[in-house]
Amino acid sequence: MSSVMQELEARREAARAGGGERRIAAQHAKGKLTARERIDLLLDEGSFEEFDMFVAHRCTDFGMEKDRPAGDGVVTGWGTINGRMVYVFSQDFTVFGGSLSETHAQKICKIMDMAMQNGAPVIGINDSGGARIQEGVASLAGYAEVFQRNIMASGVVPQISVIMGPCAGGAVYSPAMTDFIFMVKDSSYMFVTGPDVVKTVTNEVVTAEELGGASTHTKKSSVADGAFENDVEALSEVRRLVDFLPMSNRQKAPVRPFFDDPDRKDASLNTLIPDNANTPYDMKELIHKLSDEGDFYEIQEDFAKNILTGFIRLEGSTVGVVANQPMVLAGCLDIDASRKAARFVRFCDAFEIPVLTLVDVPGFLPGTSQEYGGVIKHGAKLLFAYGEATVPKVTVITRKAYGGAYDVMASKHLRGDFNYAWPTAEIAVMGAKGATEIIHRADLGDADKIAQHTKDYEDRFANPFVAAEKGFIDEVIEPAATRKRICRAFASLRTKELKNPWKKHDNIPL
Amino acid sequence: MFKKILIANRGEIACRVIKTARKMGIQTVAIYSDADRNALHVRMADEAVHIGPAPANQSYIVIDKVMQAIKDTGAEAVHPGYGFLSENAKFAEALEAAGVAFIGPPKGAIESMGDKITSKKIAQEAKVSTVPGYMGLIEDADEAVKISNEIGYPVMIKASAGGGGKGMRIAWNDQEAREGFQSSKNEAANSFGDDRIFIEKFVTQPRHIEIQVLCDSHGNGVFLHERECSIQRRNQKVVEEAPSPFLDDATRKAMGEQSLALAHAVGYASAGTVEFIVDGDKNFYFLEMNTRLQVEHPVTELITGIDLVEQMIRVAAGEKLAIKQSDLKINGWAMESRLYAEDPYRNFLPSIGRLTRYRPPEEVAEADRAVRNDTGVYEGGEISMYYDPMIAKLCTWAPTREAAIEEMRVALDRFEVEGIGHNLPFLSAVMDHPKFVSGNITTAFIEEEYPEGFEGATLADADLRRVAAAAAAMHRVAEIRRTRISGRMGNHERKVGTDWVVSLAGGHHLVTISADKDGADVAFEDGATLRVESGWLPGQPLAELMVDGAPLVLKVAKATGGYQLRTRGADLRVFVRSPRQAELAALMPEKLPPDTSKMLLCPMPGLIVKVDVAEGDEIQEGQALCTVEAMKMENILRAEKKGVVAKINAEAGDSLAVDDVIMEFE
């Protein structure tokens, strides 16, 4: 008996050793942790249960049959994050450079299938040189098997990708289809074709970091949702994100004990809006002051900063926040902001996370670059996302809500449940100056008359009451009481039931 | 008594005066500029009158506008506060003409004390000790030596036209006097084209100590002892206290009596302050008399129990002083810290903007301790660029100096200010500075102790351990809360461990926590155990703890993967990790912050108005590189040294955040 136990232990030892001491040291020298070390940081201590530790590849070409390490370059299994179940795979760069073989892919598929069946998030830690070239098309088939599962799992269980090394070629498309991608600065990159191919084809000279580093993907491409300094920080922040997310679309978002009064009034919000309508203010201050304990988990912080997206808690329950940011581009909507917010709203809707929308939007950004770039279709994505969302939707207009952008930002007309406005709100087709110049074109030469018309327009429309008269605004609220009002609003919506008509799926303007 | 007074000021002092007026049952009128529409003094007053645009020279110091406000509101008297019109004889005159009482001294006293030479002359006549010196011009080196001997060494040889240290020499003997005279004269001739020289006593180890006097219009007067204001930065007072740790009774009495003599000499009637410079041997010399309420008056109020504003109002109403000199004992010790909207980490650059958080410590007045905060701002208010950057005066009182300092340390730790740069960390550092604590200070304290500016306080190892113990105990509470999330897998919950590694200030502490219902014992590897007790709950930005029986107050903010904890002027990034997490964190490469010496960083959030150079340009030291507009002010950013522009990252019209890289140099 003891000998079989010894055998088991020996086999386990070998599997845990991965690519061996030398490769582990090389991994550490690059500032990277090993696949198992990363799992240790991601999951509650001692909670990891491994699958397929002894799986080995079946390739017999190029002498591969002589080297069949247990595990085949990926560690898979499940464990808990603060006691809640998650499934995880973690690619092991020390074994064949983390390259994806048929069996490597099968291991990933197995836990994805389990995650779907049991309703728990999938977290993938990516650190792979790419396809296992020796396996040829079998490796490509493996990728596609994973892709297909990513697609099927989308909207069923949350999928999070953490890029902690190379992720190139076809490999990028698995993370691309997950809900969130996080990267580690200086040690991870993602691209479809690498710098060498880029140089051959387009003569562009570019480094891997410039082409697909964390900075590129968080600031320019928006492929990644966030970036962290190192593996330890990244995994600690992924744990923090998971605490906001439901385990699947069959469960409600989690509730956590909270130490912040839902009735807390904040008098400083009464002076948040500057006297001058053209002076910006920081919408993040409002988000921090509304949320439980000022805790805001921002998504895509460095991209399209004219709109803010992320998670907060109200009375311990997760709420997704979308907010125009007047500090950047006056908070207007453009292609990037629309895409960023639309994707976020759709994530929230898919997983029954209520959405809070804070509005201060002067309109859509004008210009040829926007029109040529298709702002019509991209703007429509956000409109579509809000309109199709059946989750509780609470909207607060703090200042400007002009034109089509007013409609888009979770207006009453898009089935907003609670549409509040601050007394400083201005809900109109456009600002007073522009409107006057159109309505009173005949008086354009007369500065005094125009000034009078402008003032008349402001008096009539630069307030929330015209909209409130029509019932488009449910209530004009005191800024200081906003937290209390939205907490009560979401509380009243806990039993909301709303269904869209049956369809195979919609046709959002992609 | 007056029924209604107008306060011709703003900010904390206006609020301060309103408080006393209200206590006396007097109605108050505030005046305000465009920038102060929502200011605290406007909210506090019974009435408020708008008097013009934001710049003070178009509002607060325009006599006609203030007079109009008085007329419109029917105020019977005016308190001018400090600054603005407080020492303006014309204003006093205008009030007199209108038959409105001035809550301040007679205009004659303002005039005679307002002029440096006249005031010194009057002081000499009143037998007040003045800095010995020869005001006439000196012909040659022999005369310089002769006069230096008359004054007594050391002496300061100064160019009449001098400034910025040029044409200035200190001489300790005849030879230095002779040489100093010649070199000062040459330097003055070269620098200013004016080689007139004079000599005065050089005061060594100078301290700034001032006497508070209070006189009525019936010839009565008292002095309310001294205040020490030696902690100054570029002549701006930062920390004041009463009494002075330096004076003895005899010196105090002599200074007080001379101050009163001077006040009587000019027919003074109100509260006033006589400023002295005091040398290391307790010789004191008259500097000037301030004919108004001083900023730092609260410390005097705290040790004497006298409300100076009330006394000023009573005197202005013609009442006789009810206080006798024999009533005025020194009771305990008071400290004042001035809170400035100035960023100590950026060379005390004024900082403006919205006060997103402003929570002063609770005011208390108990038998053995007091905390008082005179403020003119509130959370959600705006700090504008138009006025003095001082936003609050935090005072503490206790029976002894040591206890008053300790009260101040805790009060500063409890003071929460966010949204703008401020000097709270610097004030905390001063309160912990051994030299300050010893009382051995001079007006050169800040210059000598912080010659390179301020980069945050460093905590002693014992204090770091206290913070580490607190952080571990707090982290445990936060982690336990995290395990109480809904949707857990039943019977397989996460168990929060007892062993933690706390990393801060470059060190790591392995601790074991054993918690009970009242707190936690945090054991360190060397066997020492610190008891931590606190009602702190996760998310609270201020943690009040007892660590090892002594209070510790931490400002707590979340930082990626850890916490940002601030206490005693130190700003600490703290990580609390399980031993396994710590072991793996130790493998992470240390990333050095980018070298910014070859970059031009945006010093404030603002809009690039213009870029004056192009890539490849050679630039000279002091050359304008670009202009950033912030809060309607154009700031020209200049090259600190010569070099070549390698890369420009911003163009006109870009709006940048603090520390964004505008350009890089080769």
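The structure presented is a predicted model; accordingly, all values stated were derived computationally and were not measured.

On to the overall build of chain A. If you tally the helices and strands in chain A, you get 19 helices and 17 strands. Its C-alpha atoms give chain A principal-axis dimensions of roughly 95 × 55 × 45 Å. Residue burial in chain A is summarised as follows: out of 510 residues, 55% are buried. Residue pairs at least 24 apart in sequence account for 73% of intrachain contacts in chain A once pairs closer than 6 positions are excluded. Counting every atom, chain A has about 21400 Å² of accessible surface; 55% of that belongs to carbon and sulfur. Distance between charge centres in chain A, computed from 58 positive and 70 negative side chains, equals 3 Å.

With that out of the way, let us pick up the nonpolar core. Counting residues in hydrophobic clusters, the biggest one holds 69 residues, and the most contacted among them are Ile160(A) and Phe311(A). With 7 residues, helix H12 (residues 335–350) of chain A is the largest single contributor of residues to this core. Among the nonpolar cores identified, the runner-up in size contains 39 residues, and Trp333(B), Val377(B), Leu424(B) and Phe445(B) belong to it.

A word on the sheet that holds strand S15 (residues 333–340) of chain B. All names here are of chain B. With antiparallel pairing, 9 strands are arranged side by side in an open sheet as S14-S13-S10-S11-S12-S15-S23-S21-S20. For this open sheet the edge positions go to strand S14 (284–290) and strand S20 (364–365), each flanked by a neighbour on one side alone. The sheet contact formed by S20 and strand S21 (residues 370–375) spans 2 bridges and is antiparallel. Along S21, the bridge assignment pairs Val364 with Val371. Strands in contact with helix H1 (residues 11–23) are S21 and strand S23 (390–398); relative to S21, the strand with the most contacts, it is inclined by about 120°.

This part takes up the sheet that holds strand S40 (residues 661–665) of chain B. The 4 strands lie next to each other as S33-S40-S38-S35 (chain B), forming an open sheet whose pairing is antiparallel. This sheet does not close on itself; its edge strands, each paired only once, are strand S33 (599–601) and strand S35 (618–619) of chain B.

All names here are of chain B. Close contact between helix H4 (residues 89–98) and helix H5 (residues 107–114) brings their axes to 9 Å; oriented N to C, the two are set at 170°. As the angle between them shows, H4 and H5 are arranged roughly antiparallel. Here Ala89, Ala92, Glu93 and Glu96 of H4 come into contact with H5, specifically with Lys107, Ile110 and Glu111. Classifying every residue of the contact of H4 with H5 gives 3 nonpolar, no polar and 4 charged.

A cluster of nonpolar side chains, contributed by Val4(A), Met5(A), Leu8(A) and Phe54(A), occupies part of the molecular surface with about 350 Å² of accessible area. Checked against the element boundaries, Met5(A) lands in helix H1 (residues 2–16).

All right, on to helix H11 (residues 283–290) of chain A then. Side chains that are three or four residues apart share a direction in an α-helix, a result of its 3.6 residues per turn. Residue and element names in this part refer to chain A. Burial of H11 is extensive: 7 of the 8 residues sit out of reach of the surface. All of the buried residues in H11 are Met283, Lys284, Glu285, Leu286, Ile287, Lys289 and Leu290. Residue Asp282 occupies the N-cap position of H11, its side-chain oxygen lying 3.0 Å from the main-chain nitrogen of Lys284.

Turning our attention to empty space enclosed by the protein. All names here are of chain A. Under the criterion given, the structure shown has 6 cavities of 30 Å³ or more. In this structure, the largest cavity occupies an estimated 100 Å³ of space. Surrounding the largest cavity, Phe89, Gln91, Leu100, Ile108, Asn126, Ser128, Tyr143, Val146, Cys167, Ala171, Ser174 and Pro175 form its lining. Taken together, the elements giving at least two residues each to the lining of the largest cavity come down to strand S3 (84–91), helix H5 (137–153) and helix H6 (173–176). Its residues assigned to classes, the lining of the largest cavity shows 8 nonpolar, 4 polar and no charged.

On to the pairing of strand S2 (residues 74–81) of chain A. Residues and elements named next belong to chain A. Where burial is concerned, most of S2 is hidden: 7 out of the 8 residues are buried. The sheet contact formed by strand S1 (residues 49–51) and S2 spans 3 bridges and is antiparallel. When the bridges of S2 are listed, Phe51 appears paired with Thr76. Sheet topology note: the S2/S3 ladder contains 8 bridges and is antiparallel. The residue bridging Thr76 from the neighbouring strand is Phe89, located in S3. Turn length for the S2-S3 hairpin, with the two strands adjacent in sequence and antiparallel, is 2 residues, and the turn residue Asn82 shows positive phi of about 50°.

This next bit is on the interface of chain B and chain A. With 36 residues of chain B at the interface, the matching set in chain A holds 44 residues. Carbon and sulfur atoms make up 56% of the area that chain B and chain A hide from each other, which totals about 3400 Å². The three residues of chain B that bury the most area against chain A are Arg481(B), Arg482(B) and Ile485(B), which together make up 19% of that side's buried surface. Where chain B packs against chain A, one counts 8 salt bridges. Put simply, Glu229(A) and Lys591(B) hold a salt bridge, and the shortest N to O gap is 3.7 Å. Counting the contacts that link chain B with chain A gives 18 residue pairs in polar contact (both at pLDDT 80 or more). Elements supplying a minimum of two residues to the side of chain B that touches chain A: helix H16 (461–482), strand S32 (570–577) and helix H17 (579–585) of chain B. For the side of chain B that touches chain A, the leading source of residues is H17(B), giving 4 residues. Broken down by class, the residue content of the side of chain B that touches chain A amounts to 10 nonpolar, 13 polar and 13 charged.

What counts, and where the lines are drawn
Residues numbered from 1 in each chain as written. Chains lettered and ligands numbered in written order. Predicted model: local features only at pLDDT ≥ 70, side-chain atom pairs only at ≥ 80, totals over all residues. Heavy atoms only, no water. Helix = DSSP H or I, 4+ residues; strand = E, 2+ residues; numbered from the N terminus. Buried < 20%, exposed > 50% of the residue type's maximum accessible area, 1.4 Å probe, protein only. Contact = heavy atoms within 4.5 Å. Areas by Shrake-Rupley, 256 points an atom, 1.4 Å probe, with all protein chains shown as cover. Lys, Arg positive; Asp, Glu negative; His and termini not counted. Charge placed at Lys NZ, Arg CZ, Asp CG, Glu CD. Core = buried A, V, L, I, M, F, W, Y, C linked by side-chain atoms within 4.5 Å. Pairing = 2+ DSSP bridges. Axes fitted to C-alpha atoms, helices over the stretch in contact; angles between N-to-C directions. Parallel < 35°, antiparallel > 145°, perpendicular 65-115°, else oblique. Nonpolar A, V, L, I, M, F, W, Y, C, P; charged D, E, K, R; others polar. Patch = residues over 30% accessible without salt bridge, like charges linked within 9 Å, V, L, I, M, F, W, Y side chains within 5 Å. Salt bridge = Lys/Arg side-chain N within 4 Å of Asp/Glu carboxyl O. Polar contact = N/O pair within 3.5 Å; in protein donor to acceptor, adjacent residues only side chain to side chain. 1 Å grid on protein atoms, 1.4 Å probe; cavity = no way out; pocket = protein on both sides within 12 Å on 5 of 7 lines; lining within 4 Å. Points joined across faces, edges and corners; volume = space filled by probe spheres on them. Buried area = accessible area lost by both parts, 1.4 Å probe.

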